[in-house]
Amino acid sequence: MSIVTLQSVKKDFGIKELLKDANFSLDTNDKVGLIGTNGSGKSTLLKMIAGLESIDSGQILVNSGAKIVYLPQQPDLDENHTVLEQVFADSGEQMNLVREYEELSDKLAHYPEDGQLMSHLSSVMQKMDATGAWEVETNAKIILTKLGIADFDVKIGTLSGGYRKRIALAAALISEPDLLLMDEPTNHLDALSVEWLQSYLNRYRGALLLITHDRYFLDRVTNKIIEIDRGDIYTYTGNYSYYLEKKALAEESAVSTQRKHQGILRRELEWLKKGPKARSTKQKARIDRAHALRDTEFKQINGKVDISTVGRRIGKKVIELNNISKAYNNRTLIKDFTYEFSPEDRIGIIGGNGAGKSTLMDIITARVAPDSGVVEIGSTIHIGYFDQHSEELLTAVNEDQRVIDYIKEEGEFVQVSDGTKITASQMLERFLFPGNQQYAPINKLSGGEKRRLFLLRILIGAPNVLILDEPTNDLDVQTLAVLEDYLEDFTGCVIVVSHDRYFLDRTVDRIFALEEGGGLRQYPGNYSIYLDYKKAEEAQQQETSKTVVVEKVASPVTETKKRRRLSNWERREFEELEGKIAKLETEKTAVEKTLANVAGNYSQVQKLYEQVEKLKKDIDVATERWLELAEMES
């Protein structure tokens with residue numbers, strides 16, 4: 001049964017046509033991922049379905065009685081509400097009872113002898129029993145806890161934007177609508193919260209229409225993909241992996257059709273150039289046909305960002321951190337951290353919200369001074385810092401500045417990877433800013449378009465050290481895929497702060513994990529390998545705990561053994577293993593790519609498969625040894 005149906009919906013913002021003739025429906029079991037480049041109209045489409053944005057023509061039909069809840073990127077919350085009050089603010093009878101129960105309980109805590117309050121509370125509790133409202137309250141607190149909200153009585157006005165987004169997300173989930181519209185729900189969530197939300201939505205009984213940059217999340221939650229591409233709507237019945245497969249086939253077919261069309265057009269134009277005697281009696285029909293072929297328009301396949309800027313030479317000395325420490329409000333974020341970045345480093349920095357990731361980036365870029373320790377930057381180093389709050393920096397000077405003028409401040413011409421120079425306007429076109437949009441003020445751009453514009457300005461500055469602080473926030477999946485390819489060939493140091501598991505897997509080969517108390521632990525490999533380490537460590541800790549319990553039961557008096565330190569050769573082995581594991585992982589990825597392209601050759605497939613299996617075993621052996629030595633080193 002359809003919950004929402006769009007029929008010939010059109011939307012135009014003057015400088016851009018967002019929807020030409022949108023037709024699709026959302027059924028009760030649909031879990032739909034909405035994708036498209038920044039500024040293509042994804043958020044606007046959600047607002048139109050939610051009834052918050054008008055349409056120019058067509059109609060949006062909503063099933064009578066259907067409950068639709070919209071979660072925007074920047075939710076509007078009442079700053080005077082507590083967390084629980086906000087969660088239950090727009091709720092039904094059950095949640096109203098829960099809210100009333102919480103309010104009465106709070107009053108009774110201050111006036112325990114008030115008989116009238118006690119009588120009222122008793123009446124409310126009976127109603128909660130009858131309606132099952134206790135379960136709603138329990139569910140609300142579980143969801144809030146899973147999203148990292150522990151204090152339910154704190155005022156909204158005291159919380160950061162990230163926490164507010166989580167509270168709005170919790171309120172949306174608790175309301176259990178027929179259709180849940182979600183705009184970037186994974187922004188501001190750490191990896192554990194994203195994993196939990198992914199699992200929750202897989203069990204969710206209502207329909208979903210969501211926008212997200214997290215491709216693992218998109219792949220595992222959705223059963224349908226809707227793509228907006230320059231005003232047109234394309235629907236794919238399957239998850240994100242299915243979409244990628246079908247999209248690639250469609251683009252190959254489009255290229256083939258366009259080549260065929262160009263061949264026919266070339267022959268027809270040659271015929272037109274011939275003299276009248278060489279033409280047949282069907283001259284007018286062929287002329288009309290040639291004109292029609294010439295006027296046929298094809299949508300460019302490359303409707304995506306083209307990143308082809310060049311970097312600059314990088315010396316041996318990049319960035320050196322020597323015993324740096326930083327604390328805020330008596331809370332240590334970074335403690336005695338030392339590391340020497342190399343030109344080839346691909347570092348991913350992870351940690352919970354507020355752990356100190358952005359603080360570490362600010363120290364590296366000299367925006368913030370450490371409390372102690374020294375930061376040394378090489379003489380050849382030019383840092384490009386893609387700040388997670390870049391859209392605010394971008395509009396801080398003059399939000400009425402034109403897009404092209406903002407880019408020209410960095411240079412009238414841009415050198416691209418093949419050595420040629422192109423104009424700033426041409427570079428903007430490669431970043432999907434057409435001519436009319438280039439002369440629009442920056443404040444007319446969407447949040448994602450501002451992020452993309454800021455990224456362009458950073459890249460045309462030719463950095464040799466790239467620091468990307470939450471780059472996946474507000475960037476579309478197409479731009480992220482191109483950025484990942486760019487980073488593979490980038491000749492310089494890359495430091496990434498991100499919660500995006502897919503992006504980290506694609507771009508880094510070492511993880512720095514910030515821990516409570518300011519510790520910073522290093523793991524070789526990408527994010528998925530880091531998770532394997534953590535699982536192995538947890539399993540080892542559980543096994544150790546069991547052993548300790550058994551020993552205590554068997555012998556109440558135990559002696560504490562001194563942990564043996566690493567010998568010199570073991571320390572060398574430990575340091576070499578990090579590089580060895582990363583190298584094996586890179587080799588395995590390369591063999592797997594080759595394997596995917598030789599499906600028809602059985603003998604070669606078998607040989608490559610055996611090679612992959614051997615590499616997996618080698619990685620497992622090296623990882624186990626690394627964990628053994630790491631335990632002795634810690």
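Novice: Help me out: how do you make sense of the environment of Val98 in this one?
Specialist: Along the chain, the position of Val98 falls in helix H3 (residues 93-110). For Val98 and Trp134, which are 36 residues apart along the polypeptide, the C-alpha to C-alpha distance reads 7.4 Å. Here Val98 is in contact with Phe88, Met128, Ala133 and Glu137, once residues within four sequence places are set aside.

Novice: Would you explain the packing of aromatic side chains in this entry?
Specialist: For any two aromatic rings, the description comes down to two numbers: the centre-to-centre distance and the angle of the planes. Counted under the stated rule, the structure contains 15 aromatic pairs. Here the aromatic rings of Tyr523 and Tyr533 are separated by 5.9 Å at their centres, their planes lie at 35 degrees, and the arrangement is tilted. Here Tyr523, found in strand E20 (residues 520-524), pairs with Tyr533, found in helix H19 (residues 527-554); they are 10 residues apart in sequence, far enough to count as distant. When sorted by exposure, Tyr523 lands in the same class as Tyr533, which is buried. Aromatic side chains Tyr527 and Tyr530 sit 5.5 Å apart centroid to centroid with 40 degrees between the ring planes, which places their arrangement in the tilted category. Taken together, the positions of Tyr527 and Tyr530, both in helix H19 and 3 residues apart, correspond to about one turn of that helix. In textbook terms, an aromatic cluster arises when at least three aromatic residues are bridged by ring pairs, as seen for Tyr523, Tyr527, Tyr530, Tyr533 and Trp626. Above the ring of Tyr234, the side-chain terminus of Lys247 is found at 5.8 Å from the ring centroid. Cation over ring: Arg457 sits above Tyr406, and NZ or CZ is 4.5 Å from the ring centre.

Novice: When you look at unusual backbone geometry in this model, what are you seeing that I'm missing?
Specialist: Glycine aside, a negative phi is what most residues show, and trans is what most peptide bonds show. One non-glycine residue, Asn329, adopts positive backbone phi at about 50 degrees. Here Asn329 lies in the loop between strand E10 (319-328) and strand E11 (331-340). The residue Asn330 is not glycine, and still its phi comes out positive at about 65 degrees. Along the chain, Asn330 turns up in the loop between E10 and E11. Classification of Asn330 as exposed rests on a relative accessible area of 85%.

Novice: Any chance you could explain the side chain of Gln401 here in plain terms?
Specialist: Turning to its location among the elements, Gln401 is positioned in the loop between helix H12 (390-396) and helix H13 (403-408). Residues within four places of Gln401 in sequence aside, it is in contact with Tyr406, Glu409, Ala440, Pro441 and Ile442.

Novice: Looking at this structure, how should I read helix H11 (residues 357-364)?
Specialist: Owing to its 3.6 residues per turn, the α-helix aligns residues three or four sequence positions apart on the same side. Among the 8 residues that make up H11, 7 are buried, leaving the element largely enclosed by the rest of the structure. Just past H11, the residue Ala366 takes up positive phi, approximately 70 degrees.

Novice: Would you mind going over the packing of helix H5 (residues 133-146) against helix H7 (residues 191-203) with me for this structure?
Specialist: Angle between the axes and distance between the axes: these two values describe a pair of packed helices. It is the contact of H5 with H7, at a shortest axis distance of 9 Å, that shows an interaxial angle of 140 degrees. By the angle class used here, H5 and H7 are oblique. Listed contacts from H7 to Asn139, Ile143 and Lys146 of H5 are Ser193, Trp196 and Tyr200. When grouped by side-chain class, the residues that make up the contact of H5 with H7 number 3 nonpolar, 2 polar and 1 charged.

Novice: Looking at this model, I keep getting lost on the sheet that holds strand E1 (residues 2-12). Mind explaining?
Specialist: Picture the strands of a sheet paired through backbone hydrogen bonds; they go either parallel or antiparallel. Taken in spatial order, the 3 strands line up as E2-E1-E4 in an open sheet, and their pairing is antiparallel. In the strand order of this sheet, the two ends are held by strand E2 (17-27) and strand E4 (57-62), each with one partner. For this sheet, the mean angle separating the axes of adjacent strands, direction not counted, is 10 degrees. Relative to E4, E1 is paired through 5 bridges, and the arrangement is antiparallel. Along E4, the bridge assignment pairs Val4 with Val62.

Novice: Hey, could you run me through the nonpolar core in this one?
Specialist: Burial of nonpolar side chains together is a common tendency in soluble globular proteins. Counting 55 residues, the largest nonpolar core has Phe431, Leu453 and Trp626 as the members making the most contacts within it. The greatest single-element share of this core, amounting to 7 residues, is contributed by helix H16 (residues 447-460). In this structure, Val98, Leu197, Leu201 and Tyr236 belong to the second largest nonpolar core, which totals 54 residues.

Novice: Is there a simple way to explain a negative patch on the surface in this structure?
Specialist: A cluster of like negative charges, contributed by Glu103, Asp106, Asp151 and Asp153, occupies part of the molecular surface. With respect to the element layout, Asp153 can be found in the loop between H5 and helix H6 (161-175).

Novice: Quick question: what am I supposed to make of the sheet that holds strand E5 (residues 68-71) here?
Specialist: A sheet is described by the order of its strands in space; here 6 strands give the open sequence E5-E6-E7-E3-E8-E9, paired in mixed fashion. Every other strand in the sheet has two partners, leaving E5 and strand E9 (232-236) as the edge strands with one partner each. Neighbour-to-neighbour, the strand axes of the sheet open up by a mean angle of 15 degrees, direction not taken into account. Direction of pairing for E5 relative to strand E6 (residues 179-183): parallel, over a ladder of 4 bridges. Bridging across to E6, Leu71 finds its partner in Met182. Contacts from H6 reach E5 and E6, with the element oriented near 165 degrees to E5.

Definitions and limits used
- Residues numbered from 1 in each chain as written.
- Predicted model: local features only at pLDDT ≥ 70, side-chain atom pairs only at ≥ 80, totals over all residues.
- Heavy atoms only, no water.
- Helix = DSSP H or I, 4+ residues; strand = E, 2+ residues; numbered from the N terminus.
- Contact = heavy atoms within 4.5 Å.
- Phe/Tyr/Trp six-rings, centres within 6.5 Å; stacked < 30°, edge-to-face > 60°.
- Buried < 20%, exposed > 50% of the residue type's maximum accessible area, 1.4 Å probe, protein only.
- Lys NZ or Arg CZ within 6 Å of the ring centre and 35° of its normal.
- Axes fitted to C-alpha atoms, helices over the stretch in contact; angles between N-to-C directions.
- Parallel < 35°, antiparallel > 145°, perpendicular 65-115°, else oblique.
- Nonpolar A, V, L, I, M, F, W, Y, C, P; charged D, E, K, R; others polar.
- Pairing = 2+ DSSP bridges.
- Core = buried A, V, L, I, M, F, W, Y, C linked by side-chain atoms within 4.5 Å.
- Patch = residues over 30% accessible without salt bridge, like charges linked within 9 Å, V, L, I, M, F, W, Y side chains within 5 Å.
- Areas by Shrake-Rupley, 256 points an atom, 1.4 Å probe, with all protein chains shown as cover.
- Salt bridge = Lys/Arg side-chain N within 4 Å of Asp/Glu carboxyl O.
- Lys, Arg positive; Asp, Glu negative; His and termini not counted.
- Charge placed at Lys NZ, Arg CZ, Asp CG, Glu CD.

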